[in-house]
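As a plain string of letters, each chain reads:
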Amino acid sequence: MATIHKRRHISGEVVWELSHGTGANRQRFTAGKTREEAQETLNQFNRQLALHGEGPKDGSVTSVIGEYAQFLKTNRRLSTVTRYMRVLKTFHECFLASIFPDVERLRQLRPMHLEEYKRQRAEGLISESKSAEDVSREQELQLQAVGRRTEGITPKDRAKFGWLGRHGVQRKVSPRTINYELRVLFTFFLWAIKRNHLFLNPAAPVERFRLTKRVLPKFLTTEELKKFFGACNESERRLYMSIL
């Protein structure tokens, strides 16, 4: 049975800790800074315990992402797999491994990590992870470009080899892109909860950027069209009818 209790760290900080099991199978981790937070964590933990018959697993970020990749390959289209894995690799390899190297277990992730990822991504401090296809294509083009003369190169050639300089992934991306990445991470953590790797979604409290609403194009009504064509002469009417 899982329980919560108060604990004081060496630094003097007081937190609430959740513990479950005994001996080598005992799980212990911080559940919140207040009793209310810890109680909510305990409730979530007990729901997972009742659903799966055991406490959440303690898998590493690397292993769980690998398991998720296999799930995507079986259940999603190739284009979806490529997009999702690019986001997860960027989050794990380009952000988490360098900024928070001590976070090795999936259960160690907190909303603060997602907030920091969101901030650094918006400020252009994180670049995306290149896929194996990107690296392979770059190497192939670099080999083809070696020893080529500049004269006699067609615009098509320039477009082809110019990809080497243009393809570098942008560091600073739009808020819309960051919102998409947060949705991908939320979906990943939701899947991890269903597979009993987590019992709380660390991306749930993270607010997304507010985006301006896209204005839909306005169309003339039937009555407005009648009035418009009624005000045109014969030549204008033929012209505008062919355009519309």
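Structure: see above.
Small disclaimer: the values here were computed from a predicted structure and weren't measured.

Reading the values: rules and limits
- Within any chain, residue numbers begin from 1 and follow the written order of that chain's sequence.
- Side-chain atom pairs in this predicted model are given and counted only at pLDDT of 80 or more, local residue features only at pLDDT of at least 70, and totals for whole chains, interfaces and linings cover all residues.
- Just so you know, side-chain values use all the structure's heavy atoms and leave hydrogens and water out.
- A run of H or I in DSSP counts as a helix once it spans at least four residues, and a run of E counts as a strand once it spans at least two, with each numbered from the N terminus.
- Accessible area is worked out with a 1.4 Å probe on protein chains only. A residue is then buried under 20% of its type maximum, exposed over 50%, and partly exposed in between.
- Residue contacts follow a heavy-atom distance rule, with two residues in contact if any of their heavy atoms lie within 4.5 Å.
- All accessibility values rest on the Shrake-Rupley procedure with a 1.4 Å probe; residue burial counts only the protein chains present in the view.
- By definition here, a salt bridge exists when the distance from a side-chain nitrogen of Lys or Arg to a carboxyl oxygen of Asp or Glu is within 4 Å.
- Nonpolar core, defined: a set of buried Ala, Val, Leu, Ile, Met, Phe, Trp, Tyr and Cys residues in which side-chain atoms within 4.5 Å join the residues together.
- In this analysis, the expected span of each helix is defined as 1.5 Å times one less than the number of residues it contains.
- Whenever a nitrogen or oxygen atom comes within 3.5 Å of another N or O atom, the pair is scored as a polar contact, on the condition that within protein one atom can donate a hydrogen and the other can accept it, and that pairs from neighbouring residues in sequence are kept only if both atoms are in side chains.
- Residues qualify for a patch when their relative accessible area is over 30% and they have no salt bridge, like charges being joined within 9 Å and the nonpolar side chains of Val, Leu, Ile, Met, Phe, Trp and Tyr within 5 Å.
- The charge count includes Lys and Arg as positive and Asp and Glu as negative, but it does not include His or the ends of the chains.
- Here the site of a charge means atom NZ of a Lys, CZ of an Arg, CG of an Asp or CD of a Glu.
- Between rings of Phe, Tyr and Trp, where Trp is taken as its six-membered ring, a pair exists when centres lie within 6.5 Å; planes separated by under 30 degrees are stacked, by over 60 edge-to-face, and by other angles tilted.
- Both a distance and an angle decide whether a charge sits over a ring: NZ of Lys or CZ of Arg must be within 6 Å of the ring centre and within 35 degrees of the ring normal.
- With axes taken as lines fitted to C-alpha atoms, and helix axes fitted only over the stretch in contact, angles between N-to-C directions fall between 0 and 180 degrees.
- Each angle is binned into one of four classes, with values under 35 degrees roughly parallel, values over 145 roughly antiparallel, values of 65 to 115 roughly perpendicular, and all other values oblique.
- Residue classes follow a fixed rule: Ala, Val, Leu, Ile, Met, Phe, Trp, Tyr, Cys and Pro count as nonpolar, while Asp, Glu, Lys and Arg count as charged, and any other residue, Gly among them, counts as polar.

(A) Molecular detail of the overall build of the protein. When its secondary structure is counted, the protein shows nine helices and three strands. Helices and strands appear in the protein in the N-to-C order β-β-β-α-α-α-α-α-α-α-α-α. The burial tally for the protein puts 34% of its 244 residues in the buried class. By sequence separation, contacts in the protein at least 24 residues apart represent 58% of the contacts at least 6 residues apart. Taken as a whole, the protein presents about 16,300 Å² of accessible surface, with 53% of it coming from carbon and sulfur.

(B) Broad picture of the pattern of salt bridges. Following the criterion strictly, the structure yields eleven salt bridges and no others. Across the salt bridge formed by lysine 33 and glutamate 13, the nearest N and O atoms sit 4.0 Å from each other. Of this pair, lysine 33 sits in the loop between strand E3 (27-32) and helix H1 (35-52) while glutamate 13 sits in the loop between strand E1 (3-8) and strand E2 (14-20), and the two are 20 residues apart along the sequence. Classification of lysine 33 by relative accessible area gives exposed; the value is 59%. Taking the shortest distance from any N to any O, the salt bridge between glutamate 40 and arginine 47 comes out at 3.9 Å. Looking at glutamate 40, the relative accessible area reads 41%, which means it is partly exposed.

(C) Geometry of the nonpolar core. The biggest cluster of nonpolar side chains holds 35 residues, and the ones touching the most others in it are Tyr68, Phe91, Leu96, Leu106, Leu185, Phe188 and Phe189. Secondary structure elements with two or more residues in this core: helix H2 (61-75), helix H3 (78-99), helix H4 (111-122) and helix H7 (175-194). With nine residues, H7 is the single largest residue contributor to this core. Sequence-distant contacts of leucine 185, that is, excluding residues within four places in its chain, are made with Val87, Leu88, Phe91, Leu114 and Tyr117.

(D) Expanded view of H3. Given a rise of 1.5 Å per residue, 22 residues ought to cover 32 Å, and the 30 Å separating the end C-alpha atoms of H3 matches this to within 8%. Against H2, H4 and H7 lie the buried residues of H3.

(E) The arrangement of the side chain of glutamate 181 in detail. Tracing the backbone through its elements, the reader meets glutamate 181 in helix H7. Judged by relative accessible area, which is 2%, glutamate 181 ranks as buried. Within the structure, glutamate 181 has its side chain in polar contact with the side chain of tyrosine 117 (distance 2.9 Å). Setting aside residues no more than four positions away along its own chain, glutamate 181 makes contact with Val87, Tyr117, Arg121 and Glu128.

(F) A look at a positive patch on the surface. Taken together, the side chains of Arg176, Arg183, Arg208 and Arg214 present a region of like positive charge at the surface. Along the chain, arginine 214 turns up in the loop between H7 and helix H8 (222-230). Owing to a relative accessible area of 65%, arginine 214 belongs among the exposed residues under this scheme.

(G) Representation of the packing of aromatic side chains. Going through the model one piece at a time under the given rule, you end up with 13 aromatic pairs. Ring centres of phenylalanine 45 and phenylalanine 199 lie 5.4 Å apart, and the angle between their planes is 85°; on these two criteria the pair is classed as edge-to-face. Taken together, the residues phenylalanine 45 in helix H1 and phenylalanine 199 in the loop between H7 and H8 connect sequence positions 154 residues apart. Here the two residues phenylalanine 45 and phenylalanine 199 agree in accessibility, since each one is buried. Of the aromatic side chains, those joined through ring pairs into one cluster are Tyr68, Phe71, Phe188, Phe189 and Trp191. The ring of phenylalanine 209 has lysine 118 sitting right over it, with the charged end atom 4.8 Å from the ring centre.

(H) View of the environment of serine 19. Structurally, the position occupied by serine 19 is in strand E2. The class for serine 19 is buried, based on a relative accessible area of 7%. Separated by 15 residues in the primary sequence, serine 19 and isoleucine 4 have C-alpha atoms spaced 6.4 Å apart. Every residue in contact with serine 19, bar those within four places of it in the chain, is listed here: Met1, Ala2, Thr3, His5, Arg26, Gln27 and Arg28.

(I) Just the packing of H3 against H4, in detail. For the pair H3 and H4, interaxial distance at closest approach is 11 Å and the crossing angle is 105°. It follows that H3 is roughly perpendicular to H4 by the angle criterion. Residue-level contacts link Thr90, Phe91, Phe95 and Ile99 of H3 to His113, Leu114, Glu116, Tyr117, Gln120 and Arg121 of H4. Class assignment for the residues of the contact of H3 with H4 results in five nonpolar, three polar and two charged.

Everything listed here is a matter of geometry and, on its own, says nothing about what the molecule does.
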